[in-house]
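A structural walkthrough
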Amino acid sequence: MKNFTSVKDVKNIKKLVKEGLALKKKPLAFKKIGKDKTLVLLFFNPSLRTRLSTQKAGMNLGMNVIVMNANQGWKFEFEDGVIMNTDKAEHIKEAAKVISQYADIIGIRTFPTLTDKERDYQDFILNKFIEHATVPMVSLESAILHPLQSLADMITIEEQKKTKKPKIVLTWAPHPKALPQAVANSFAEWTLASDYDLTITHPKGYELSKKFTKGATIEYNQQKAFEGADFIYAKNWSSFKNYGQIEVEDANWMVNSAKMKLTNNGKFMHCLPVRRNVVVAGKVLDSKASLVIEQANNRTYAAQVVLKRLLMK
Ligand code: SN0
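Residue indices begin from 1 for each chain and proceed along its sequence in written order. Residue-level local features of this predicted model are given only where pLDDT is at least 70; pairs of side-chain atoms are given and counted only at 80 or more, and the full residue set underlies all totals for whole chains, interfaces and linings. Hydrogens are left out, water is left out, and the side-chain values use all remaining heavy atoms of the structure.

With that out of the way, let us pick up the sheet that holds strand 10 (residues 231–235). The five strands are arranged 9-8-7-10-11 in an open sheet whose pairing can be described as parallel. Looking at the sheet topology across the chains shown, the edges are occupied by strand 9 (217–218) and strand 11 (267–269). Whether two strands pair depends on DSSP finding at least two bridges between them. Under the DSSP-based scheme used, a helix requires at least four consecutive residues in state H or I and a strand at least two consecutive residues in state E, with every element numbered from the N terminus.

Think of a nonpolar core as a cluster: buried Ala, Val, Leu, Ile, Met, Phe, Trp, Tyr and Cys residues, connected wherever their side-chain atoms sit within 4.5 Å. Under the scheme applied here, a residue whose accessible area is under 20% of the maximum for its type counts as buried, over 50% as exposed, and between as partly exposed, the area being computed with a 1.4 Å probe on protein chains only. The biggest cluster of nonpolar side chains holds 54 residues, and the ones touching the most others in it are Leu151, Leu170 and Leu198. Elements that contribute at least two residues to this core include exactly helix 1 (13–25), strand 1 (38–43), helix 6 (147–160), strand 7 (167–172), helix 7 (182–193), strand 8 (197–201), strand 10 and helix 12 (292–312). The leading source of residues in this core is helix 12, at eight residues. The residue makeup of this core includes at least three contributed by each of domain 1 (7–145 + 299–312) and domain 2 (149–296). Two residues form a contact once any of their heavy atoms are found within 4.5 Å. Beyond its immediate sequence surroundings of up to four residues, Leu151 is in contact with Phe4, Leu16, Val17, Trp190, Ala302, Val305 and Val306. Residues Phe44, Phe76, Phe78 and Leu126 belong to the second largest nonpolar core, which totals 20 residues. An automatic or database domain assignment provides the domain bounds reported here.

Examined against the element boundaries, Ser290 turns out to sit in the loop between helix 11 (282–285) and helix 12. At 3.4 Å, the side chain of Ser290 and the backbone nitrogen of Val292 are in polar contact. The contacts of Ser290, once residues within four sequence positions are left out, are Phe268, Val284 and Leu285. We define a polar contact as two N or O atoms separated by no more than 3.5 Å, with the added condition that, inside protein, one atom must be a possible hydrogen donor and the other a possible acceptor, whereas residues neighbouring each other in sequence contribute only through side-chain atom pairs.

All right, on to the pattern of salt bridges then. One speaks of a salt bridge when a side-chain nitrogen belonging to Lys or Arg is within 4 Å of a carboxyl oxygen belonging to Asp or Glu. In the structure shown here, the tally under the stated rule is 16 salt bridges. Where Lys161 meets Glu158, a salt bridge forms, and the shortest distance between an N and an O atom there is 3.0 Å. With relative accessibility at 24%, the residue Glu158 sits in the partly exposed group. For Asp286, the salt bridge is made with Arg276, and the minimal N-O distance between the two is 2.9 Å. Of the two residues, Asp286 sits in the loop between helix 11 and helix 12 while Arg276 sits in the loop between strand 11 and helix 11, which places them 10 residues apart along the sequence. Residue classification places Asp286 among the exposed residues on the basis of a relative accessible area of 56%. What you see here is one network of salt bridges that share partners, running through Asp80, Lys93, Lys128 and Glu131.

Structure representation (structure tokens):
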């Protein structure tokens, strides 16, 4: 593994998931491999779980961890060949190389613009960093993918599944804000690569990029999709087609107890943060079916297994 930015960086998902579960049992078993190594985490956008769990993961491996809110430093210029006479003080060419002097591994979080589809789907900022950094890079959620979240989700499903090929349903849910497609794209990509049975349900107009959903069943009837499901994964995303827009704000798509009853005693998943009683009824979050806290717990071991692989190569 050279960088960790998508499922494509992983040769054997099952093996990675197993290794993550082994770290969960013995988090300090590899405390020596990160000694005197530095992890730098750069956040262009807010974070709670990613920030704390990745820092914890680094510390579990004995690493020194530096966390920086990237928007508190100089404003970066990402375009080549421009005359830098605007508010952008530092070019990515220098910045990424400079950060590489201090870091053995760099993590970066960068959300999409939700206005410039082409730039977002090139994963422009992440790839500019990768182009100029001289150490391995880890995506802490990019414009289009959230691989550490998905790996934690695969660890959670592995722990909880009762059959080899569970039925997993990714359902769109309402939200007051236009949100990225990253978590949904990534979850689809990882469940399909794990050879699980994936159904995606959403109102018309919320089709995700086929690049990530090939092999999934698309079902526009949410209740029908829920029938017999072992896992319900709720997430809002804005339109991919009508890029970044909210197509419908249909409150009926909220996940509630009645819908959970249609499932095969299914578990409820969400990456968090979650808007209670908008995305999902509080009652579902407070029920035994909810895995959201365990998903967050598993973020540590997802990050840890990735950092371990990068340190050991
Ligand atoms: C982010 C997203 O990609 O949807 C991060 C998820 C891990 N979520 C949000 O931005 C939610 C913000 C809100 O106002 O609820």
